[in-house]
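Secondary and tertiary structure notes
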Amino acid sequence: MKNLLTLFSIIIMTFTYAQKMVSYSDGNQKLEGILDIPENKIANGNAVLLLPAWMGIDNNAKENANELAKLGYLTFVADIYGIDKRPTNPSEAGKIAGYYKTNIKEYQNRIQLALEQLIKAGANPNKVAVIGYCFGGTGAIEAARTNMKVCGVVSFHGGLGRDVTRTIEAISPKVLVLHGADDFFVPETEIKAFQDEMRTAKADWQMVYYANSVHAFTHKDAGNDNSKGAAYNEKAAKRSWQAMKDFFDEIFK
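As the structure is a computational prediction, the values presented were derived from the model and not from experiment. (Residues numbered from 1 in each chain as written. Predicted model: local features only at pLDDT ≥ 70, side-chain atom pairs only at ≥ 80, totals over all residues. Heavy atoms only, no water.)

1. Things to note about the overall build of the chain
A count of helices and strands for the chain gives seven helices and eight strands. For the chain, the spread of C-alpha atoms along the principal axes amounts to about 60 × 45 × 40 Å. Split into buried and exposed, the 253 residues of the chain put 50% on the buried side. Excluding contacts between residues fewer than 6 apart, the proportion of contacts in the chain whose partners are at least 24 apart in sequence is 67%. As presented, the chain carries roughly 12,400 Å² of accessible surface, and 53% of it is formed by carbon and sulfur atoms. (Helix = DSSP H or I, 4+ residues; strand = E, 2+ residues; numbered from the N terminus. Buried < 20%, exposed > 50% of the residue type's maximum accessible area, 1.4 Å probe, protein only. Contact = heavy atoms within 4.5 Å. Areas by Shrake-Rupley, 256 points an atom, 1.4 Å probe, with all protein chains shown as cover.)

And the structure:
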């Protein structure tokens, strides 16, 4: 009976969190992110900024933020586009995400604003990680490139490209890239250029490839047809989530 009660208390401790919407702004543009707050302080102020994929704050982002809060991480899902700029279909998403990839300083600014909201919510400013999915994975890499005050960044099936005219600066945050081995949306030339950039920047970086996986391999609503270039892979999703947790154990220790 005692063992059962102990197990029950552990389950309750692990799976309790609160969620609230947070309004903030970038000039006249109104933004609204989601804050997931662990009710117990397992991680002692450790926090995660989550950057969503190109559709904005989608179910995948919400579910992963919930899971992070269950692990004890104060988590903020960033609003990159604005409350009146949410895409309703992939065509719109491609255009708006493309705008921020081209106007990279605006993307960097929206990430920084979201990071400030996370700190304001009670995160330890010295114990923050940034993770992102697809378009958000690109953003996570940008957080490292611009040396935002974070311990590390994790890119799940994100784009790795960089304007070749940009100067490569030394990178302080640790970098973890989780990549589908068959992701033809990210060409080998882009991967090689990224790896060369990491070496030039003297970054502490890792890149993990997942077999039989293409773009969006963590997204349950992406279908299972790899020939389309984006598809869910349960094994890769689980393995990449574990890789992220191991990375957090290292950077937050």
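2. Looking at the packing of aromatic side chains
Per the stated rule, a full pass over the model turns up 13 aromatic pairs. Where Tyr107 meets Phe135, the ring centres are 4.4 Å apart and the plane angle is 5°; that geometry is what we call stacked. In this pair, Tyr107 is assigned in helix α4 (residues 104–120) and Phe135 in helix α5 (residues 135–145), connecting sequence segments 28 residues apart. Each member of the pair Tyr107 and Phe135 is classed as buried. Here the aromatic residues Tyr81, Tyr99, Tyr100, Tyr107 and Phe135 are joined through ring pairs into a cluster of three or more. (Phe/Tyr/Trp six-rings, centres within 6.5 Å; stacked < 30°, edge-to-face > 60°.)

3. So, the pattern of salt bridges
For the structure on display, the rule yields 12 salt bridges. Here Arg145 and Glu142 are joined by a salt bridge, their closest N and O atoms 2.8 Å apart. Here the residue Arg145 and the residue Glu142 both occupy positions in helix α5, the gap between them amounting to three residues, near one helical turn. In this structure, the salt-bridge partner of Lys192 is Asp196, at a minimum N-O distance of 2.9 Å. Residue Lys192 and its partner Asp196 are both found in helix α6 (residues 188–200); the two are separated by four residues, about one turn of the helix. What makes Asp196 partly exposed here is its relative accessible area of 31%. A single network of salt bridges, built from pairs that share partners, joins Glu142, Arg145, Arg162, Arg166 and Glu197. (Salt bridge = Lys/Arg side-chain N within 4 Å of Asp/Glu carboxyl O.)

4. Examining the nonpolar core
If you look at the biggest cluster of nonpolar residues, it comprises 44 residues, and the most contacted ones within it are Leu49, Ile80, Leu118 and Val175. Ranked by residue count, the leading element in this core is α4, at seven residues. Not counting residues up to four positions away in its chain, the partners in contact with Ile80 are Leu31, Leu51, Tyr100, Tyr107, Arg110, Ile111 and Phe135. Among the nonpolar cores identified, the runner-up in size contains 30 residues, and Leu50, Ile131, Phe156 and Met244 belong to it. (Core = buried A, V, L, I, M, F, W, Y, C linked by side-chain atoms within 4.5 Å.)

5. A short note on the packing of helix α3 (residues 90–102) against α4
Packed helix pairs are characterised by how far apart their axes lie and by the angle those axes make with each other. Where α3 contacts α4, the two axes come as close as 4 Å, and the packing angle between them is 100°. By the angle class used here, α3 and α4 are roughly perpendicular. Here Tyr99, Tyr100, Lys101 and Thr102 of α3 lie close against α4, whose contacting residues are Ile104, Glu106, Tyr107 and Arg110. Within the contact of α3 with α4, the residues separate by chemical class into four nonpolar, one polar and three charged. (Axes fitted to C-alpha atoms, helices over the stretch in contact; angles between N-to-C directions. Parallel < 35°, antiparallel > 145°, perpendicular 65-115°, else oblique. Nonpolar A, V, L, I, M, F, W, Y, C, P; charged D, E, K, R; others polar.)

6. Some words on the side chain of Ser240
On the secondary structure map, Ser240 appears in helix α7 (residues 234–251). With relative accessibility at 0%, the residue Ser240 sits in the buried group. Residues in contact with Ser240, not counting those within four places in the same chain, are Phe156, Leu178, Tyr210, Phe217 and Thr218.

7. Considering the packing of helix α2 (residues 59–70) against α7
Contact geometry for α2 and α7: axes closest at 13 Å, N-to-C directions at 40°. Here α7 runs oblique to α2, going by the angle between their axes. In the packing of α2 onto α7, the handedness of the crossing is right-handed. Within the contact between the two elements, α2 uses Asn64, Glu67 and Leu68 and α7 uses Trp241, Met244 and Phe248. Split by residue class, the contact of α2 with α7 holds four nonpolar, one polar and one charged. (Left-handed = near helix turned anticlockwise from the far one by under 90°.)

Just geometry here; none of it tells us what the structure is for.
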